[in-house]
Amino acid sequence: MMKHIYAFEDIKEYETHKDIIQRFSKRLEEYQYILEKEYLLMDQPKGIIWTSAEAATTVFSEIPIPAFTNKNTIYITPDVAAWRKLFVEQLDGKDLPHIERFYKELSENHILQILGHELTHHSDLFLEDFDDEREDSIWFEEGMCEYLPRKFLLSEKEFDEITAVEEELVEAFSEEYGDRSIDEFGSGSYTSSLSSIMFDYWRSYLYIKHLVEVRFKDDIQAVFEEYHKWDQEGRICSLSEYFELDQ
């Protein structure tokens with residue numbers, strides 16, 4: 001059973017976030033059950049460390065995003081205001097007022113989905129482990145870790161909204177980052193701008209959504225089977241080529 005560890009600087013900060021942590025924990029248990037039943041979640045993380053955005057990005061890591069998994073532990077901030085601010089920052093000053101407004105009003109469910117993303121990484125359906133140099137198919141894992149929790153934790157309206165937002169963001173930033181292959185996911189990303197980091201996540205999610213809903217007619221398991229087939233056949237081409245994705 002996952003332990004919940006609270007790493008706040010004072011009791012007041014914990015009290016501020018206590019209720020949302022309880023709500024998230026209950027919903028996460030329900031999502032965890034789905035992963036265990038359907039998506040080969042065999043070994044759950046040892047714990048979740050709930051902390052501030054500042055501690056997550058300066059004390060526990062130097063990653064600019066306050067949610068990540070380090071071996072068997074998930075680190076995340078439940079601070080909705082901090083997440084809203086971060087998501088506005090990823091726009092890099094582009095004039096997208098409707099998207100900025102969307103992020104400034106981001107719902108709790110969208111933050112819960114980020115927690116679900118980190119839990120999904122622990123599924124044994126993914127080929128690489130956290131300790132591996134995850135190069136060949138990282139976009140597939142990251143995209144699926146976005147798609148699954150969104151499908152199960154967001155409302156249909158929220159799912160459609162975030163999809164539309166990220167489709168527009170890919171288009172808005174394609175001039176800056178669109179030349180690189182999806183198979184190069186994350187290459188040097190954590191030394192890059194926030195929009196550069198997130199561009200790979202947006203694209204990966206949209207590719208997975210296309211594969212699941214269009215190419216494989218909503219059969220998520222069939223997508224995983226094809227992914228494993230690519231591996232079993234010796235990875236003779238990149239995964240994006242294997243799936244015949246236009247880049």
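Residues numbered from 1 in each chain as written. Predicted model: local features only at pLDDT ≥ 70, side-chain atom pairs only at ≥ 80, totals over all residues. Heavy atoms only, no water.

Q: What exactly am I supposed to notice about the sheet that holds strand E3 (residues 67-70) here?
A: Sheet strands associate in pairs through backbone hydrogen bonding, adopting either a parallel or an antiparallel arrangement. If you trace the 4 strands from one edge of the open sheet to the other, you get E1-E2-E4-E3, paired in mixed fashion. A single partner strand is all that each edge strand has here, and the edge strands are strand E1 (3-7) and E3. Direction aside, the axes of adjacent strands within the sheet are offset by 20 degrees on average. Packed onto the sheet, helix H1 (residues 11-38) meets E1 and strand E2 (47-51) and runs at close to 150 degrees relative to E2. (Pairing = 2+ DSSP bridges. Helix = DSSP H or I, 4+ residues; strand = E, 2+ residues; numbered from the N terminus. Axes fitted to C-alpha atoms, helices over the stretch in contact; angles between N-to-C directions. Contact = heavy atoms within 4.5 Å.)

Q: In this structure, what is going on with helix H5 (residues 108-120)? I would like to understand it.
A: An α-helical turn contains 3.6 residues, so a residue and the one three or four places further along point in the same direction. Relative to the 18 Å expected for 13 residues at 1.5 Å per residue, H5 spans 18 Å between its end C-alpha atoms, a close match to the ideal helical length. A large share of H5 lies buried, amounting to 12 of its 13 residues. (Expected span 1.5 Å × (residues − 1). Buried < 20%, exposed > 50% of the residue type's maximum accessible area, 1.4 Å probe, protein only.)

Q: Would you take a moment to explain the nonpolar core for this structure?
A: One recurring pattern in soluble globular proteins: nonpolar side chains tend to sit buried together. Counting residues in hydrophobic clusters, the biggest one holds 74 residues, and the most contacted among them are Tyr103, Trp139, Phe140, Met144 and Phe243. If you tally residues by element for this core, the top one is helix H8 (residues 194-215), at 12 residues. (Core = buried A, V, L, I, M, F, W, Y, C linked by side-chain atoms within 4.5 Å.)

Q: What is the right way to look at the packing of aromatic side chains in this model?
A: The geometry of two aromatic rings is summed up by the distance between their centres and the angle between their planes. Scanning all chains against the criterion turns up 29 aromatic pairs. Ring geometry for Phe173 against Trp202: centres 5.7 Å apart, planes inclined by 40 degrees, an arrangement best described as tilted. In this pair, Phe173 sits in helix H7 (residues 156-177) while Trp202 sits in helix H8, placing the two residues 29 residues apart along the sequence. One residue, Lys94, lies across the ring of Phe173, its end atom 4.9 Å from the ring centre. The ring of Tyr205 carries Arg150 above its face, with NZ or CZ at 4.4 Å from the centroid. (Phe/Tyr/Trp six-rings, centres within 6.5 Å; stacked < 30°, edge-to-face > 60°. Lys NZ or Arg CZ within 6 Å of the ring centre and 35° of its normal.)

Q: What exactly am I supposed to notice about unusual backbone geometry here?
A: It is generally the case that most residues other than glycine have a negative phi and that most peptide bonds are trans. In this structure, Asp218 is a non-glycine residue whose phi angle is positive, near 70 degrees. Tracing the sequence through the fold places Asp218 in the loop between H8 and helix H9 (220-232). The phi dihedral of Glu244 is positive, around 55 degrees, even though this residue is not glycine. Note that Glu244 resides in the segment after helix H10 (239-242). By relative accessible area, Glu244 is classed as exposed at 63%.

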